[in-house]
Amino acid sequence: MYDSLPTHPEDKILRIMQLYRDDPRTEKIDLGVGVYKNAAGLTPVMQSVKAAEKRLWEIEDTKSYVGLLGAPDFGDAMAGLVLSDAVPRENVACAATPGGTGAIRQAFEMIQMASPQARVWVSDPSWGNHVSILNYLGIPNTSYRYFEFSTGELDFGGMLEDLENARPGDVILLHGCCHNPTGVNLTNEQWRKVADLMVAKELVPMVDIAYQGFGGGLDADAFGARLVASTCPETLIAASCSKNFGVYRERTGIFMGVSQDAGRVGLVQANMAHLNRQNFSFPPDHGARLVTMVLNDPQLRAEWETELEEVRSGMLALRQQLAAELQRQTNSERFGFITDHSGMFSMLGLSEEQVAKLRDDHGIYAVSDSRINIAGLNKDTVPILAKAIATVL
Ligand code: LMR
């Protein structure tokens with residue numbers, strides 16, 4: 001049987017992760033996988049999460065199953081974090097999932113179950129795993145223009161023009177904030193236009209929000225998700241806690257189904273439970289419990305928000321330094337867009353050959369599409385990167 005197994009195209013992010021690990025050079029710089037790193041290059045456990053973990057260790061008296069949808073208070077806490085009071089809680093079905101990717105997978109499967117003819121529209125470019133999972137499931141998908149590679153800017157005209165071709169019932173996958181891989185995001189005004197278009201054309205928004213708090217702050221980053229959830233009749237949301245709580249390996253995420261008709265929520269909820277049962281049965285609980293404790297305890301929450309803000313402002317400072325350094329080293333405004341981008345990533349608009357040169361000649365690892373993880377830098381490595389980019393141009 002094993003002989004008949006197919007081979008699969010390599011995931012370009014995981015490939016870079018491996019190449020970086022295998023590189024014996026000590027001065028190498030990792031700007032590949034989207035994991036937050038502090039100035040020392042470490043991905044620390046947040047203090048607020050650590051404190052919750054200590055408390056949990058003291059009070060947890062069983063590891064028995066929780067429920068197919070996870071703990072209800074996790075759903076409440078996450079609906080509050082992502083949606084605030086944009087929609088009443090009874091209009092939101094929630095299922096805990098293994099990470100944000102688990103939520104994406106469950107949402108795609110729900111789409112396939114409910115409307116097999118629907119096409120899922122994905123930004124060009126998008127996180128590679130979006131299209132990979134859609135294709136794996138055999139879900140029809142297509143792309144909409146989003147990014148102007150040569151200028152590093154949003155192609156909003158192209159995006160609207162393409163979405164005009166969507167059919168009623170099609171699903172539009174939107175990045176809630178901190179677009180991965182480009183770093184380019186919709187303004188609030190542009191979100192309003194997209195929401196209006198989706199209502200007018202009877203399209204279903206699906207929001208992938210994996211970096212809430214890394215861009216403009218917790219509320220600013222949720223603007224789009226809250227807007228579409230309160231405007232469109234039905235909204236699917238996949239949220240991840242991996243990055244903003246730093247609980248990557250705990251696999252903590254949530255799939256939310258918002259409906260303007262609260263009477264529909266029970267059915268959505270039952271289908272979420274069914275999908276969880278078929279795919280992995282009970283979702284992981286440890287990370288979800290920590291997140292719930294942090295969000296619900298005023299002291300832990302304040303501590304977490306402070307830590308998150310430090311992460312965010314640290315990345316902002318690195319962006320500014322990198323843009324200034326690139327301006328100096330290349331003697332041009334070509335990379336000015338870096339300060340307009342937000343979140344963890346920026347796509348630099350370099351060719352695959354230039355990215356390969358950064359890696360081979362300078363030990364700097366970016367994804368082949370020229371996405372860099374800003375958090376992989378520190379103030380000492382920014383000038384090194386800028387100089388290397390100026391050299392490969
Ligand atoms: C990334 O985009 O690098 C992260 O979301 C990690 C991953 O799983 O690809």
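Cut-off values and rules
Residues numbered from 1 in each chain as written. Predicted model: local features only at pLDDT ≥ 70, side-chain atom pairs only at ≥ 80, totals over all residues. Heavy atoms only, no water. Pairing = 2+ DSSP bridges. Helix = DSSP H or I, 4+ residues; strand = E, 2+ residues; numbered from the N terminus. Axes fitted to C-alpha atoms, helices over the stretch in contact; angles between N-to-C directions. Contact = heavy atoms within 4.5 Å. Near = heavy atom within 4 Å. Polar contact = N/O pair within 3.5 Å; in protein donor to acceptor, adjacent residues only side chain to side chain. Areas by Shrake-Rupley, 256 points an atom, 1.4 Å probe, with all protein chains shown as cover. Nonpolar A, V, L, I, M, F, W, Y, C, P; charged D, E, K, R; others polar. Domains from an automatic or database assignment. Buried area = accessible area lost by both parts, 1.4 Å probe. Expected span 1.5 Å × (residues − 1). Buried < 20%, exposed > 50% of the residue type's maximum accessible area, 1.4 Å probe, protein only. Parallel < 35°, antiparallel > 145°, perpendicular 65-115°, else oblique. Left-handed = near helix turned anticlockwise from the far one by under 90°. Salt bridge = Lys/Arg side-chain N within 4 Å of Asp/Glu carboxyl O. Phe/Tyr/Trp six-rings, centres within 6.5 Å; stacked < 30°, edge-to-face > 60°. Lys NZ or Arg CZ within 6 Å of the ring centre and 35° of its normal.

If you trace the seven strands from one edge of the open sheet to the other, you get β2-β10-β9-β8-β7-β3-β4, paired in mixed fashion. In this open sheet, the two strands that pair with only one neighbour each are β2 (92–97) and β4 (141–145). Neighbour to neighbour, the strand axes of the sheet diverge by 25° on average, direction disregarded. The sheet contacts of helix α4 (residues 99–114) involve β2, β3 (120–124), β7 (171–175), β8 (204–209), β9 (234–240) and β10 (253–259), and relative to β9 the element is tilted by about 155°. Contacting β8, β9 and β10, helix α9 (residues 223–231) runs over the sheet at an angle of about 155° to β8.

On to the site of the ligand. All residues in the neighbourhood of the ligand are listed as Ile13, Val33, Gly34, Trp127, Asn180, Tyr211, Lys243 and Arg371. Separating an oxygen atom of the ligand from a side-chain N or O atom of Trp127 is a distance of 3.0 Å. Arg371 has a polar side-chain atom sitting 2.8 Å from an oxygen atom of the ligand. With the chains in place, 78% of the 260 Å² that the ligand exposes on its own is no longer accessible. By residue class, the composition of the shell around the ligand is four nonpolar, two polar and two charged. Each of domain 1 (11–44 + 310–392) and domain 2 (65–296) accounts for three or more of the residues forming the shell around the ligand.

The domain boundaries assigned to the chain delineate domain 1 (11–44 + 310–392) and domain 2 (65–296). Distance between the C-alpha centres of domain 1 and domain 2: 27 Å. Counting from both sides, the interface comprises 21 residues of domain 1 and, opposite them, 22 residues of domain 2. At the boundary of domain 1 with domain 2, total buried surface from both sides reaches about 1700 Å², with 61% on carbon and sulfur atoms. When the buried surface of domain 1 facing domain 2 is broken down by residue, Arg312, Phe345 and Met347 rank first, second and third, together holding 31% of it. Between domain 1 and domain 2 we count nine residue pairs in polar contact (both at pLDDT 80 or more) in total. The residue inventory of the side of domain 1 that touches domain 2, partitioned by class, reads 10 nonpolar, eight polar and three charged.

Okay, helix α3 (residues 72–83) next. Over its 12 residues, α3 runs 16 Å from end to end, which matches the ideal 16 Å to within 8%, given 1.5 Å per residue. Taken together, the buried positions of α3 are Phe74, Gly75, Ala77, Met78, Ala79, Leu81, Val82 and Leu83. Looking one or two residues beyond α3, the residue adopting positive phi is Ser84, at roughly 50°.

It is worth spelling out the side chain of Asn373 at this point. Following the sequence through the fold, Asn373 ends up in strand β13 (residues 371–373). With sequence-adjacent residues up to four places away left out, Asn373 is seen in contact with Leu31, Gly32, Val33, Gly34, Val35, Met344 and Phe345.

A word on the packing of helix α7 (residues 188–200) against α9. Remark: α7 packs on α9, axes separated minimally by 10 Å, with the N-to-C direction vectors making an angle of 25°. In terms of their interaxial angle, α7 and α9 are classed as roughly parallel. Relative to α9, α7 is oriented so that their crossing is right-handed. Along its contact with α7, which presents Asn188, Trp191, Arg192, Ala195, Met198 and Val199, the element α9 presents Phe223, Gly224, Leu227, Val228 and Thr231.

Further remarks concern the environment of Leu137. Inspection of the secondary structure puts Leu137 in helix α5 (residues 128–137). By relative accessible area, which is 16% here, Leu137 ends up buried. Counting along the chain gives 28 residues from Leu137 to Glu109, while the straight-line C-alpha distance between them is 7.8 Å. When near neighbours in sequence (up to four residues on either side) are disregarded, Leu137 contacts Arg105, Phe108, Glu109 and Gln112.

Quick look at the pattern of salt bridges now. By the definition in use, this model includes 20 salt bridges. A salt bridge links Lys12 to Asp369, with the shortest nitrogen-to-oxygen separation between them at 3.4 Å. Residue Lys12 is found in helix α1 (residues 12–22), and its partner Asp369 is found in the loop between β12 (364–365) and β13; the two are separated by 357 residues along the sequence. Lys63 serves as the salt-bridge partner of Glu60, at 2.8 Å between the closest nitrogen and oxygen. On the basis of relative accessible area, Lys63 is assigned to the exposed category, the value being 67%. Three or more residues joined by partner-sharing salt bridges are found here, namely Arg145, Glu161 and Asp162.

Moving on: the packing of aromatic side chains. For the structure shown, the criterion picks out nine aromatic pairs. Relative to Phe282, the ring of Tyr65 lies with its centre 4.1 Å away and its plane at 15°, an arrangement referred to as stacked. On the criterion of sequence distance, the pair formed by Tyr65 in the loop between α2 (47–59) and α3 and Phe282 in the loop between α10 (265–279) and α11 (286–296) is long-range, its members being 217 residues apart. Three or more aromatic residues joined by ring pairs make a cluster, and in this case those are Tyr36, Tyr211, Phe214 and Phe345. The positively charged end of Lys28 is found above the aromatic ring belonging to Tyr20, 4.4 Å away from the centroid. Stacked on the ring of Phe345, the Lys or Arg Arg371 has its end atom at 3.8 Å from the ring centre.

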